[in-house]
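What the coordinates show
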Amino acid sequence: MPPVDAAALIAGALLALGPAALAFGGPARGAIHAAATLLCLLAAGTGGAALLTGTTTTLTLPIGLPWLGARLALDPLAAVFVLLLGLGGAAASLSSIGYYRHDPAPLRSLPFQPPFLGAMLAVLLAADAFSFLMAWEVMSLLSWALVMVDHRDAATRQAGFVYLVMAAFGTLALLLAFGLMAGPAGGYGFDAIRALPPAPLTVAAILGLMLLGAGSKAGLVPLHVWLPLAHPAAPSPVSALMSGVMTKVAVYAFLRVAFDLMPPAPWWAGSAVIVLGAGSAVLGILLAVVEADMKRALACSTIENIGVIFAATGLALAFRSGGMPALAALALSAALFHALNHMAMKSLLFLGAGAVLHATGTRMLDRMGGLIHRMPATAALMLLGVTAIAALPPLNGFASEWLVFQAVLASPALPQSALQMLVPAAGGLLALAAALAAAAFVRLYGVAFLGRPRTPEAAAAPEADRATLAAMGALALLCLGAGLLPGLVLDLIAPAARQLTGAALPAQAHQPWLTLIPVSAARGTYNGLLVGLFVALSAGLAAGVIHRTASRRLRRAPAWDCGFPQSLPDSQYGAGSFAQPIRRVLGRTLLNARETVHMPPPGDPSAARLTVTAADPAWAALYAPLGRGVNATAAYANRFQALSIRRYLSLVFGSLVLLLLGLALWG
Amino acid sequence: MATLPIDIAHLLAGGLVLMSFLMIYQDRLSALLDVFTAHAVVLAASVAWQAHLQGDTFHLYLTALIALAFKGAVIPMALARIVRRLGIHREVETVVGTVPTMLAGIGLAALSIVLMMRLTAGADPLAREDLAFALTVVLLGLLMMVTRRNAVSQVVGFMSLENGLILAAAGARGMPLVVEIAVAFSILIAFIVIGVFLFRIRERFDTVDLAALDEVRGDRA
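Right, let's walk through the structure included here. (Residues numbered from 1 in each chain as written. Chains lettered and ligands numbered in written order. Predicted model: local features only at pLDDT ≥ 70, side-chain atom pairs only at ≥ 80, totals over all residues. Heavy atoms only, no water.)

It is worth spelling out the environment of leucine 68 of chain A at this point. Residue and element names in this part refer to chain A. Relative to the helices and strands, leucine 68 is located in the loop between strand S1 (57–61) and strand S2 (70–74). Since its relative accessible area comes to 12%, leucine 68 is described here as buried. Separated by 60 residues in the primary sequence, leucine 68 and aspartate 128 have C-alpha atoms spaced 8.3 Å apart. Beyond its immediate chain neighbours, meaning those up to four positions away, leucine 68 contacts Thr60, Asp128, Tyr188 and Gly189. (Helix = DSSP H or I, 4+ residues; strand = E, 2+ residues; numbered from the N terminus. Buried < 20%, exposed > 50% of the residue type's maximum accessible area, 1.4 Å probe, protein only. Contact = heavy atoms within 4.5 Å.)

Okay, structure coming up:
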C-alpha cells in the first residue's frame, strides 16, 4: 500500500474512533485509547517509511469540492510531521489509558481525543486548500471541546472562550491567505497554487496572513495569549498533544506555504519572522519563569520553543531569498529537528505534570515539594525532560538549539547588511531565552520535586500509573536517543529539507563517531555520543569516588540553622522566591512586575503582606484596546437592531443603489 | 421595417416604466390600485409580444395569461376589497414628498439604463434594453416600498417589483416555465400572507400604518 493510502486510512480510523467511543460501552470503550495508540504508532511508521524512501505519493478522494475532490499527498515535509504526530500521539494515547481509569467523566474527552489526532493527521495530508481548511477547523473545534472538558471551572470557560475566538481569527487569516494563493482563477489544489506563483508583494501579504493564522495556533507573540490559558486547562494527555503536536501542525502549515507553495519571499519577510520568533522566545520563557502554576509554566515554555522554531524558519527564509540553499537547509533542518525534539520533551513534561497534578491535586508549584521521594520514577523521567528542555548536553534540546546557533553564526554570509546586523541580535535574544529556560526549569523541578513537602497532599503523593510511566519512558528514550545520535535524525529529515530548499545537510551517518558536521569541520562540530559518554563516565567516576571515600552512612543533620531558624516547609525556597531576581531584573519592564508591601500600622497585630503582580504585556498593549474597540463598534451597530421595517428596506435599497452606482462608475 | 417588432417591444417595456412612474405619483390608495392594474396589463402585453417575437414559446403566452389573470384582475380586486373594508381608500400616505420621489425615480432610471447599456454591450439588442427597463421597474418598485408608510401600498410596490422581474425573465430566451410558475405562486402566497397579516394588524392596532407597529416593539435599545 502506498504510504499516503495508509496514512489516510489511519486518519479515517482515528476519526471513526470518536463515534465508536459513544457506540460501545464497557471494556470496548476502555480499549479506544489503546486502539488510538496503535494507530498512532502505525502513523509514525508510515511517516518514517515515507521519509526513508523520500518519495511523494498522492491520492484523490471523491469527497469535498465536487470538481476538486479531496486531494491528499504524503511528501517528505508532511512525512516529518506525520512521524512527529505519530510519536506524540502514541505517547499521549498510551498515557490516556492510565488517565481514563481515574477520569471522573471519561466521556467528556474520550469521543474527542482520537478524532483530534485524526484531524491533525488530515491537516498534514491535505493537498488542496479546501481539505486543509476543513481539517484545520475540525482540529480547532475538537481541541476546543477537549479544553472545555472541565467546564464547571469558570477559568476553563474563560480559557475556552479566548481559545475559540483566537482559533476563529486564525482560520479567518488562513482563509484569506489561501484565497490570495488561489488567485482569481480559483485554483485550490496545492499543485495549481505551485504552478502560478504570485507577485512578490502578494507573497509577502500571504506570508503575513500565514503568520497570523498559523502563528495564532502555534502561540507566536503577540498571538500567544490563549495558550497559557487553554493548554493547561485540558486533561494532561491533551495538554501534551496540544503543546507537543498541535503547535507543530501550525508550524507545518507555515512551512508548507512559505517554502513549498510560495516562491522565495522578499528578504524583509524573513527578518520579520526572525524578530517575531526571537521575541516570542524571550517573552515566553520570561512568563514561564514567573509563573506559579506548573502546567501554565510548561505552556509558556512552549511559546519559547515555538519562538526558537520560528526564528530558525525565518533564518531559512532569509537564506533562501538570498540564494543560499545550503544554509537555508541548515536553518530549516534546525527548525524541523527542534520541532521533533520539542514534541518529545514537552509531551514528556506535560505527562509528568499530569501525574503530579493527579497525585497532589494541585497545579501550584508552591503546594508541592519533595515529590522525588514519593514519585521516584516520575521524578527521574521529569529530570531527563527538564534537562533536555533546558538545552543541556548530551540531550536533544542542546543538539537542535546548537544547530539553530550554527545557522545564526552563518548570518554574515547574507547579502543584506540589515540582516547581518539583525540576526546576531536575534541570536543574542535566543541565547538569553536559553539561559532563562535553564532557570525556569531548575525552578520548576527544584520547587516541585526537591526540598520538603509543603502540603500534606504532597507528602502523601502516590506514584504515577504504569501507562503514563511507560509513555514518559518512551519519550525520555526519544530525548536521549535524539540527543546522543542527532546525525541519524538529521539524515532522516534530510529529504524534507531537500524538498523545501533544494539542498540538504551533508549525510551524517558515515562520519567517524557519528560526529555532527553541519557545514564543515572548521565551522563547528558536535558529537552527542562522545559528550554523553564523557558525561556518563565523569559523573559515574565522581559518584564512585565520593561513595568510596566518603562514609556510606546516610546522615541527617540540621543544615544551617541561620537559614532555617524554623523548620516550617514554608521557609524553603519557593516558586516566587526563586523567580524573584529575574522578575526584578527583566520583569519590571517586560512584564510590568510590581511588588507592594503592606505593613500593618504599629500596634496592629495582623500580618504584613507582600503582593507580587506581573502581567502579560500583550493583554494591556493589544487585546484590551481591541476589546474596547469591538465593544464600541458593537454598541454602535446595536442601533441597527431596532429600526422600523421601512428603514430596513431603505438600508437594503440604499446599499443596492450604491452597488449599482459603483458598478456604473467603475464596472 | 425590420426594427418595428423590436420597437414595439421597447414601447411596451417603456410603457411599464411609465406605469411605474405613475404609481409613484399616485398618493391615494384606490388610484394606486387602478394604476397597478394597468401595470399588470402592460406587463401581460409586453410578455405576449415577447412570446410572439420569440416564436414557438407557448409558456411565455401562459406567463402573460397568468400575469393578466392574477395581477390584472384577482389581486387588484382583492386589494381594492381590503382597502374598502379597511376604509382607507382616501388616505394620503407618502413619507417623502411626490416631487423628490419622482426625481429619485428619474435618477434610478438613468442609473439602470447607463449600467445595463455598459454591461451588456454586445448582447442581443432586444434583451439589452428590456433588461434596462426591467431593472428600472424593479428599482422603482423598491423606491415605492421605501417611500410609503401604508402596508397596502408596500404590497403594491412589491408586486410591481415582481412585474419587473417577470419582464426581465421574459426578455431572456429559454427561461423555463417552471421558474415563472414558481415565481407567480410565491407572489400569490406572499399576497395571501400579507393580506391576512394586514387584517391582523388592523384588528389589533386599528390602523395599517406601519409606524404603529414600531410603538409596540419591545427590543428597542
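Another aspect to go through is the packing of helix H2 (residues 29–54) of chain B against helix H6 (residues 151–171) of chain B. Residue and element names in this part refer to chain B. Running from N to C, H2 and H6 point in directions that differ by 10 degrees, and their axes come no closer than 10 Å. With respect to their mutual orientation, H2 and H6 come out roughly parallel. Residues Leu29, Leu32, Leu33, Phe36, His39, Ala40, Leu43, Ser46, Val47, Gln50 and Gln54 of H2 pack against Val152, Ser153, Val156, Met159, Ser160, Asn163, Ile166, Leu167, Ala170 and Gly171 of H6. (Axes fitted to C-alpha atoms, helices over the stretch in contact; angles between N-to-C directions. Parallel < 35°, antiparallel > 145°, perpendicular 65-115°, else oblique.)

Time to look at helix H3 (residues 58–86) of chain B. All names here are of chain B. For H3, spanning 29 residues, the distance from its first C-alpha to its last is 40 Å, which sits close to the expected 42 Å at 1.5 Å a residue. Along H3, the helix axis deviates most sharply at isoleucine 75, where the bend reaches about 30 degrees; the proline proline 76 sits within four residues downstream. Those residues of H3 lying buried are Leu60, Thr63, Ala64, Ala67, Lys71, Gly72, Ile75, Pro76, Leu79, Ile82, Val83 and Leu86. Phi turns positive, to about 70 degrees, at glycine 87, one or two residues after H3. (Expected span 1.5 Å × (residues − 1). Bend = angle between axes of the 7 residues up to and from the residue.)

Right, let's get into the packing of aromatic side chains. For any pair of aromatic rings, the description consists of the separation of the ring centres together with the inter-plane angle of the planes. All names here are of chain A. A complete count under the given rule lists 13 aromatic pairs over all chains for this structure. Consider the rings of phenylalanine 132 and phenylalanine 178, whose centres lie 5.3 Å apart with planes at 50 degrees: the pair is tilted. Of this pair, phenylalanine 132 sits in helix H6 (residues 129–147) while phenylalanine 178 sits in helix H7 (residues 154–182), placing them 46 residues apart in sequence. The exposure class of phenylalanine 178 is buried, given its relative accessible area of 1%. (Phe/Tyr/Trp six-rings, centres within 6.5 Å; stacked < 30°, edge-to-face > 60°.)

So, on to the pairing of S2 of chain A. All names here are of chain A. Burial analysis of S2 places four of its five residues in the buried class, the great majority of the element. As judged from the five bridges shared by S1 and S2, these two strands associate in the antiparallel manner. Looking at the pairing, threonine 60 lines up with arginine 71 of S2. (Pairing = 2+ DSSP bridges.)

With that settled, consider unusual backbone geometry. All names here are of chain A. The peptide bond linking valine 221 to proline 222 adopts the cis configuration, its omega dihedral lying at 5 degrees. Position of proline 222 among the secondary structure elements: in the loop between helix H9 (200–218) and helix H10 (227–233). The step from proline 393 to proline 394 runs through a cis peptide bond, and the omega angle for that step is 10 degrees. Phi is positive for alanine 391, which is not a glycine, with a value near 60 degrees. Mapped onto the fold, alanine 391 is located in the loop between helix H16 (376–389) and helix H17 (396–409).

Contact with chain A, which involves 19 residues of that partner, is made by 22 residues of chain B. For the pair chain A and chain B, the two sides together bury roughly 1,700 Å², of which 73% comes from carbon and sulfur. Scanning the region where chain A abuts chain B turns up zero salt bridges. Where chain A meets chain B, there are one residue pair in polar contact (both at pLDDT 80 or more). Residues that form the side of chain A that touches chain B fall into these classes: 13 nonpolar, five polar and one charged. (Buried area = accessible area lost by both parts, 1.4 Å probe. Salt bridge = Lys/Arg side-chain N within 4 Å of Asp/Glu carboxyl O. Polar contact = N/O pair within 3.5 Å; in protein donor to acceptor, adjacent residues only side chain to side chain. Nonpolar A, V, L, I, M, F, W, Y, C, P; charged D, E, K, R; others polar.)

Residue and element names in this part refer to chain A. Summed over all chains, the structure comprises nine salt bridges over all chains. Note that aspartate 191 is salt-bridged to arginine 71, the shortest N-O span being 3.2 Å. You can see aspartate 191 sitting in helix H8 (residues 190–195) and its partner arginine 71 sitting in strand S2, a full 120 residues away along the chain. Aspartate 191 sits in the partly exposed class, given a relative accessible area of 44%. One salt-bridge network, held together by shared partners, links Asp75, Arg194, Arg256 and Asp260.

Turning to the side chain of aspartate 616 of chain A, a few remarks are in order. Residue and element names in this part refer to chain A. Summarising the element assignment, aspartate 616 is placed in the loop between strand S4 (609–613) and helix H24 (617–637). For the buried aspartate 616, no salt bridge exists, and the shortest N-O distance to an oppositely charged side chain is 7.3 Å, to arginine 296. Among the polar contacts made by the side chain of aspartate 616, one reaches the side chain of histidine 224 at a distance of 2.6 Å. Leave out the neighbours within four places in its chain, and aspartate 616 touches His224, Val225, Leu283 and Leu287. (Lys, Arg positive; Asp, Glu negative; His and termini not counted.)

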